[in-house]
Amino acid sequence: GQQVMQIPQYQHVQEGEDFTTYCNSSTTLSNIQWYKQRPGGHPVFLIQLVKSGEVKKQKRLTFQFGEAKKNSSLHITATQTTDVGTYFCQWSAGNNRKLIWGLGTSLAVNP
Amino acid sequence: DGGITQSPKYLFRKEGQNVTLSCEQNLNHDAMYWYRQDPGQGLRLIYYSQIVNDFQKGDIAEGYSVSREKKESFPLTVTSAQKNPTAFYLCASSIAPNQPQHFGDGTRLSIL
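Each chain has its residues counted from 1, running along the sequence as written. Both sets of labels track the order of writing: A upward for chains, 1 upward for ligands. Given that the model is predicted, a residue must reach a pLDDT of at least 70 before its local features are reported, and side-chain atom pairs must reach 80 or more before they are shown or counted; all residues, however, enter totals for whole chains, interfaces and linings. The side-chain quantities take in all heavy atoms of the structure and omit both hydrogens and water.

Take the nonpolar core next. What is meant by a nonpolar core is a set of buried Ala, Val, Leu, Ile, Met, Phe, Trp, Tyr and Cys residues, joined one to another through side-chain atoms within 4.5 Å. Whether a residue is buried, partly exposed or exposed follows from its accessible area with a 1.4 Å probe, protein chains only, as a fraction of its type maximum: under 20%, in between, or over 50%, in that order. Ile32, Trp34, Leu46, Phe63 and Leu74 of chain A are the most contacted members of the largest nonpolar core, which totals 21 residues. The numbering of helices and of strands both runs from the N terminus, where a helix is a DSSP run of H or I of at least 4 residues and a strand a run of E of at least 2. Elements with a minimum of two residues in this core: β3 (19-25), β4 (31-37), β5 (43-49), β7 (61-65), β8 (71-76), β9 (85-93) and β11 (105-110) of chain A. With 4 residues, the top contributor of residues to this core is β9 of chain A. The residues contacting Leu74 of chain A, other than those within four sequence positions of it, are Phe19, Thr20, Thr21, Trp34, Leu46, Leu61, Thr62, Phe63 and Tyr87 of chain A. Of all hydrophobic cores here, the second largest spans 20 residues; its members include Met32, Ile46, Phe74 and Tyr89 of chain B. Any pair of residues with heavy atoms lying within 4.5 Å of one another is described as a contacting pair.

What follows is about the pattern of salt bridges. Each reported salt bridge corresponds to a side-chain nitrogen of Lys or Arg within 4 Å of a carboxyl oxygen of Asp or Glu. Counting across every chain of the model gives 5 salt bridges over all chains. One salt bridge connects Lys56 of chain A with Glu54 of chain A, and the closest N-O pair in it is separated by 3.6 Å. Of the charged contacts, one joins Asp38 of chain B and Arg44 of chain B as a salt bridge, the two residues approaching to 2.8 Å between their closest N and O atoms. Where salt bridges share partners, they join Arg36, Asp38 and Arg44 of chain B into one cluster.

Spelled out as structure tokens, the structure:
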């Protein structure tokens, strides 16, 4: 069956360092979404990637969808304390296109 | 402003009691979802509804029930059959079933 892993589970960085989280699938994904959840808050939608090889940017955040649509990444340049939270990927695959969530990457930023 | 409203923000349940969590959206979205999140964990799908008067079980539906009588409303009842109900409950909606989801602020349920 399909397996998608989100890595790493945790990441601790110094403010100003870069950060990357990955979602890797064993099968082709229809699309992938990224969300951010601040501590104590609710997930907030960041971006949707649909096309093979797609790259989208939001200020210091860069989102990529692999050429084979089997992996995706979220990269934050020069992290700030406001980036603290858990980043989740969510994907759709298969005929029923059911949405499935990754387990998340928790980011801690030392000021 | 359009959005999703969950109430109450905090809820306490006594043993053997059913409680109902409210979720209302004015985004005109067809699809609505209920998730459960335990501390430090991801989101697990309880129930979802793609259209009014229709809903399907998610991955952890046992001990929960829902209704979808109106497009705007998708209440979740945590029944006494749910033996470990303490968690953060999140309601979400999307314009279509496989599209990005918008979340309410959540309800934190605890056992007295």
